Amino acid sequence: MGRRLDLRPRLHRLHQPPALAQTVLFVSPADKYTLLKWLLATQRPARALIFPRMRHHTALLAQRLSRDGFPAAPLHADLPQAQRNATLQAFRRGTPPILVATDLAARGLDIPGITHVINYDPPDDPQTYIHRIGRTARAGAPGTAITLIAPHDRQTLRNLDRRLPAPIPQNRSHPFHSEAARLAMGAQAMRKPRKQ
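Residues numbered from 1 in each chain as written. Predicted model: local features only at pLDDT ≥ 70, side-chain atom pairs only at ≥ 80, totals over all residues. Heavy atoms only, no water.

A separate point is the overall build of the chain. The helix and strand tally for the chain stands at eight helices and six strands. Secondary structure of the chain in N-to-C order comes out as β-α-β-α-β-α-β-α-β-α-β-α-α-α. Within the chain, the fraction of its 196 residues that count as buried is 51%. If you take every contact in the chain between residues at least 6 apart in sequence, the share linking residues at least 24 apart comes to 76%. (Helix = DSSP H or I, 4+ residues; strand = E, 2+ residues; numbered from the N terminus. Buried < 20%, exposed > 50% of the residue type's maximum accessible area, 1.4 Å probe, protein only. Contact = heavy atoms within 4.5 Å.)

Below, the structure written as structure tokens:
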């Protein structure tokens, strides 16, 4: 699981703290979970918040990560309130260090020390994207926001890039980079600077 992904040159300001590094990683669907494990192993987040698209994926992804040596807990609206509260308290203490959550459950979440937000699936709108990445880089602390993009996410990323103040920077320097996924985006045309 070797080298660490360097996100320092990927700094991108989006009405967000200057210490927030954002990046898009293109990946094939078959390699997506392996890339997630690689990121967790190489980035070694103190506290990570992972967002899948579907509610039922939160528990499945948390179970799979825990089984593979990355202790994680799910957080979604179907959990009883007492269980949600207990999960959040445990996450605040760093046990487990990974929380897999839905947007609804994470709405208004204010937990200090979240070092990484990983969009396992990209959100459909820029407000949700900004809300998600705003969970890290709080109170002057550095933070990292990573969005995984498979070929079927191409329209979602196009919509985000069109509606955000600037496109999310791309990073191709990871061992699971999918050039096919990037090309499915029509990336060259999409990334041309906008006219002011």
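Having seen it, we continue.
Our focus in this paragraph is unusual backbone geometry. In this model, Thr95 is joined to Pro96 through a cis peptide bond whose omega is 10 degrees. In the Ramachandran plot, Arg44 falls in the positive-phi region, its phi being about 50 degrees despite a non-glycine side chain. Looking at the element boundaries, Arg44 is found in the loop between α1 (32-43) and β2 (48-51). Residues other than glycine seldom take positive phi values, yet Ala137 does so here, at roughly 55 degrees.

Counted by the stated rule, this structure contains eight salt bridges. In this structure, Lys32 and Asp121 form a salt bridge, with 2.6 Å as the shortest nitrogen-oxygen distance. Of this pair, Lys32 sits in helix α1 while Asp121 sits in the loop between β5 (116-119) and α5 (126-133); the two residues are 89 residues apart in sequence, bridging distant segments of the chain. Note that Arg55 and Asp78 form a salt bridge whose closest N and O atoms lie 3.0 Å from each other. Taken together, the positions of Arg55 in helix α2 (residues 55-67) and Asp78 in the loop between β3 (72-75) and α3 (81-93) put the pair 23 residues apart, joining distant regions of the chain. (Salt bridge = Lys/Arg side-chain N within 4 Å of Asp/Glu carboxyl O.)

So, about the packing of aromatic side chains. What the rule picks out here adds up to one aromatic pair. Here the aromatic rings of Trp38 and Phe176 are separated by 6.4 Å at their centres, their planes lie at 70 degrees, and the arrangement is edge-to-face. Here Trp38, found in helix α1, pairs with Phe176, found in the loop between α6 (154-163) and α7 (179-184); they are 138 residues apart in sequence, far enough to count as distant. Lys32 extends its terminal NZ or CZ atom over the ring of Tyr120, reaching a point 4.8 Å from the ring centre. (Phe/Tyr/Trp six-rings, centres within 6.5 Å; stacked < 30°, edge-to-face > 60°. Lys NZ or Arg CZ within 6 Å of the ring centre and 35° of its normal.)

The next thing to look at is the nonpolar core. Residues Leu36, Leu40, Ile50, Leu65, Ile98 and Leu148 are the most contacted members of the largest nonpolar core, which totals 22 residues. At six residues, the largest contribution of residues to this core is made by α1. Contacts of Leu40, omitting those with residues within four sequence positions, involve Pro45, Ala48, Ile50, Leu65, Phe70, Ile98 and Ile118. Counting 14 residues, the second largest nonpolar core, distinct from the first, contains Leu88, Leu99, Ala101 and Val117. (Core = buried A, V, L, I, M, F, W, Y, C linked by side-chain atoms within 4.5 Å.)

Our next topic: the environment of Thr23. Mapped onto the fold, Thr23 is located in strand β1 (residues 20-26). Within the structure, Thr23 has its side chain in polar contact with the backbone oxygen of Pro169 (distance 3.4 Å). (Polar contact = N/O pair within 3.5 Å; in protein donor to acceptor, adjacent residues only side chain to side chain.)

As a further point, take the side chain of Arg132. Tracing the backbone shows Arg132 in helix α5. Judged by relative accessible area, Arg132 falls into the buried class, the value being 2%. For Arg132, the contacting residues outside a window of four places in its chain are Phe51, Pro52, Asp103, Val117, Asn119, Asp121, Pro122 and Pro123.

Quick look at the sheet that holds strand β6 (residues 143-149) now. In a beta sheet, neighbouring strands pair by backbone hydrogen bonds and run either parallel or antiparallel. Taking strand neighbours across the sheet as the criterion, the six strands line up as β1-β6-β5-β2-β4-β3 in an open arrangement whose pairing is parallel. The strands lining the two open edges of the sheet, one partner per strand, are β1 and β3. Each adjacent strand pair in this sheet contributes to an overall mean axis angle of 20 degrees, direction not counted. The sheet contact formed by β2 and β5 spans four bridges and is parallel. Bridging from a neighbouring strand, Leu49 pairs with Val117 of β5. Packed onto the sheet, α3 meets β2, β3 and β4 (98-101) and runs at close to 140 degrees relative to β3. (Pairing = 2+ DSSP bridges. Axes fitted to C-alpha atoms, helices over the stretch in contact; angles between N-to-C directions.)

Close contact between α1 and α2 brings their axes to 12 Å; oriented N to C, the two are set at 55 degrees. As the angle between them shows, α1 and α2 are arranged oblique. For the element pair α1 and α2, the recorded crossing hand is right-handed. Between α1 and α2, the contacting residues are Tyr33, Leu36, Lys37 and Leu40 on the first element and Leu61, Arg64 and Leu65 on the second. Split by residue class, the contact of α1 with α2 holds five nonpolar, no polar and two charged. (Parallel < 35°, antiparallel > 145°, perpendicular 65-115°, else oblique. Left-handed = near helix turned anticlockwise from the far one by under 90°. Nonpolar A, V, L, I, M, F, W, Y, C, P; charged D, E, K, R; others polar.)

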